[in-house]
Amino acid sequence: MQFVQTTRDALLKPLSTVAGIVERRNTMPILANVLLRKEGNNVSFLATDLEVQITTHADFGVGDESESTTVAARKLMDILRALPEDEISLSLTSGKLSIQSGKSRFALQTLSANDYPTVSQPEQFDVSFSLAQKTLKQLFNQVHFSMAQQDIRYYLNGLLFVFEPGFVRAVATDGHRLAHSATAAEGITQKHDVIVPRKTVLEMQRLLGETDDPVQIDVSSGQIRFRFNDVELISKLVEGKFPDYTRVIPTTYTRHFMVDRERLQGSMQRAAILTTDKLKGVRFQLGDNVLKVSSSNAEQEEAQEEIDVDYSHEPLDVGFNVSYLLDVLANMKSDMVRWSVQPDANASALITSPDDEHFKYVVMPMRI
């Protein structure tokens, strides 16, 4: 029975939308598949790893019949990408999905749609509101790099989403640095916070566009749902107690200086060349209206750069992991960066943006 008739790119678009969460290695073979459901000319595409589920739709089904099946997502994607841009038809025959384009023919094994596990949704959500896609994407972009990766403190392997009347906050930390950002939001009546898994955040960054189109966000005690354009992403939440970010962000620092973001970024990129792979340490020496950035390695090679800054306090000599600083500078959009320090070389540094009062980045020093 013919399933789909469309162009290669039209079929690749919904397939690539959902296939990003499909794991290459699964304990359940069917999780390597994508679920295809056809009802008349509407075809839905669904993929899940049991933690995250993405669904989207397209209007290129053939015939009035309803049909569903599952097929290996990666194989289908690879075949479509390797084919020339042309008409493609998918049909179901004897338990296999046939792919036909011009004189090319492929047959892929399928597994029953009835055996495909889908994430159940709650009947009622605790928080519901909407944000523009570009606003939510910017919120994620400003903090995502501070999420931990495979930390034994599992609650750090994600992003803290705080909902409060008038505001949405995003906070991420790996224990060595912390990023905070916030944006105005309407429709939130009471304070609520959840931890969104790292994979969900990265997937949302991939899917969101730089548009004013709305994203509907619904939150329950164990789940968050994002709906935008023709995409629905449902994710389980991380259980656990996130650290109190308000205690980490300094509020009493009195020593500040402004520095050109691109100038500082370039200096640190060059200094990073001569750091060791394990240490990644750069030395900051603040003096009278000058910032010296330097690095060295086991081969006794050295790099040193000087940047003019408006700093008239006592000298400060402190070390930082250069990767942590390059991460934040790469994701900031402002031309200038505001840097706040304490006279103690063991105290954290606070990096903020003069263009965004809600963005704050705290980074701990390191011994060099």
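Structure shown above.
The model shown is predicted, which means the values in this text are computed figures rather than measured ones. (Residues numbered from 1 in each chain as written. Predicted model: local features only at pLDDT ≥ 70, side-chain atom pairs only at ≥ 80, totals over all residues. Heavy atoms only, no water.)

**Points about unusual backbone geometry**
Then, number 1: One non-glycine residue, Leu50, lies in the positive phi region at around 80°.
Then, number 2: Position of Leu50 relative to the elements: it lies in the loop between β3 (42-48) and β4 (52-58).
Then, number 3: If you check the backbone angles, Asn289 has positive phi at about 60° while not being a glycine.
Then, number 4: Positionally, Asn289 belongs in the loop between β18 (281-287) and β19 (290-296). (Helix = DSSP H or I, 4+ residues; strand = E, 2+ residues; numbered from the N terminus.)

**Considerations on the packing of helix α1 (residues 8-19) against helix α2 (residues 73-82)**
Then, number 1: At a minimum axis separation of 10 Å, α1 and α2 run at an interaxial angle of 150°. By the criterion of interaxial angle, the relationship of α1 to α2 is roughly antiparallel. As for how α1 packs across α2, the hand of that crossing is left-handed. Here Arg8, Leu11, Leu12, Leu15, Ser16 and Ala19 of α1 come into contact with α2, specifically with Ala73, Arg74, Leu76, Met77, Leu80 and Arg81.
Then, number 2: When the residues that make up the contact of α1 with α2 are grouped by side-chain class, the tally is eight nonpolar, one polar and three charged. (Axes fitted to C-alpha atoms, helices over the stretch in contact; angles between N-to-C directions. Parallel < 35°, antiparallel > 145°, perpendicular 65-115°, else oblique. Left-handed = near helix turned anticlockwise from the far one by under 90°. Contact = heavy atoms within 4.5 Å. Nonpolar A, V, L, I, M, F, W, Y, C, P; charged D, E, K, R; others polar.)

**So, the packing of helix α6 (residues 261-272) against helix α7 (residues 322-331)**
Then, number 1: Viewed as axis vectors pointing N to C, α6 and α7 meet at an angle of 145°, and their least axial separation amounts to 10 Å. Between α6 and α7 lies a crossing whose hand is left-handed. The segment α6 lies against α7, with Arg261, Leu264, Gln265, Met268, Gln269 and Ala272 engaging Val322, Leu325, Leu326, Leu329 and Ala330.
Then, number 2: Taken together, the residues of the contact of α6 with α7 break down into eight nonpolar, two polar and one charged.

**Considering the side chain of Thr17**
Then, number 1: Tracing the sequence through the fold places Thr17 in helix α1.
Then, number 2: Of note is the side chain of Thr17, whose polar atom sits 2.9 Å from the backbone oxygen of Lys13.
Then, number 3: When neighbours within four sequence positions are excluded, Thr17 is seen to be in contact with Ile54, Thr56, Glu203, Arg206, Leu207 and Val231. (Polar contact = N/O pair within 3.5 Å; in protein donor to acceptor, adjacent residues only side chain to side chain.)

**Topic: the sheet that holds strand β20 (residues 302-308)**
Then, number 1: Pairing is antiparallel across the open sheet formed by four strands, whose spatial order is β20-β19-β18-β21. Single-partner strands in this sheet number two, and they are β20 and β21 (316-321). Averaged over all pairs of adjacent strands, the angle between strand axes in this sheet comes to 20°, irrespective of strand direction.
Then, number 2: Here seven bridges tie β19 to β20, and the two strands are oriented antiparallel to one another. Pairing of Val290 across the sheet is with Asp308, part of β20. (Pairing = 2+ DSSP bridges.)

**Quick notes on the pattern of salt bridges**
Then, number 1: In total, this model carries 16 salt bridges according to the counting rule given.
Then, number 2: Between Asp49 and Lys199 there is a salt bridge, and its shortest N-O distance comes to 2.6 Å. With Asp49 in the loop between β3 and β4 and Lys199 in helix α4 (residues 198-207), this pair connects stretches of sequence that are 150 residues apart.
Then, number 3: Residue Asp49 is classed as buried on the basis of its relative accessible area of 14%.
Then, number 4: For Glu305, the salt bridge identified is with Arg263, shortest N-O distance 3.7 Å. One end of the pair, Glu305, is in strand β20; the other, Arg263, is in helix α6, with 42 residues separating them in the sequence. (Salt bridge = Lys/Arg side-chain N within 4 Å of Asp/Glu carboxyl O. Buried < 20%, exposed > 50% of the residue type's maximum accessible area, 1.4 Å probe, protein only.)

**Focus on the packing of aromatic side chains**
Then, number 1: One pass over the structure, following the stated rule, counts 12 aromatic pairs.
Then, number 2: Taken together, a centroid distance of 6.2 Å and an interplanar angle of 85° make the contact between Phe45 and Phe60 edge-to-face. Here Phe60 lies in the loop between β4 and β5 (66-72) and Phe45 lies in strand β3, a separation of 15 residues in the sequence.
Then, number 3: Accessibility expressed as a relative area gives 9% for Phe60, which makes it buried.
Then, number 4: Between the aromatic rings of Phe257 and Tyr311, the centroid separation amounts to 6.0 Å while the plane-to-plane angle is 90°, which identifies the pairing as edge-to-face. Placement of the pair is Phe257 in strand β17 (residues 255-260) and Tyr311 in the loop between β20 and β21, with a sequence separation of 54 residues. Each of the two residues, Phe257 as well as Tyr311, counts as buried. (Phe/Tyr/Trp six-rings, centres within 6.5 Å; stacked < 30°, edge-to-face > 60°.)

**Quick word on the sheet that holds strand β12 (residues 177-184)**
Then, number 1: Taken together, eight strands build an open sheet; the order of strands is β13-β10-β11-β12-β24-β23-β22-β17 and the sheet is antiparallel. Two strands in the sheet have a free side with no partner beyond their single neighbour: β13 (192-197) and β17. Along the sheet, successive strands turn relative to each other by an average axial angle of 20°, direction set aside.
Then, number 2: Of the pairings in the sheet, the one linking strand β22 (residues 336-341) to strand β23 (residues 349-353) comprises three bridges and is antiparallel in character. Note that in β23 the partner of Trp339 across the bridge is Ile351.
Then, number 3: Contacting β12, β22, β23 and β24 (356-363), α7 crosses the sheet at an angle of about 165° to β24.

**Topic: the nonpolar core**
Then, number 1: With 101 residues, the main nonpolar core has Leu136, Phe161, Phe226, Phe284 and Trp339 as its most contacted residues.
Then, number 2: Among the elements that line this core, the one with the most residues is α7, at six residues.
Then, number 3: When near neighbours in sequence (up to four residues on either side) are disregarded, Phe226 contacts Leu136, Phe140, Phe161, Thr200, Met204, Val215, Gln216, Ile217, Val231, Glu232 and Leu233.
Then, number 4: If you look at the next biggest cluster of nonpolar residues, it comprises 15 residues, including Val162, Phe242, Tyr245 and Ile249. (Core = buried A, V, L, I, M, F, W, Y, C linked by side-chain atoms within 4.5 Å.)

Remember that the coordinates give geometry; whether it matters functionally is a separate question.
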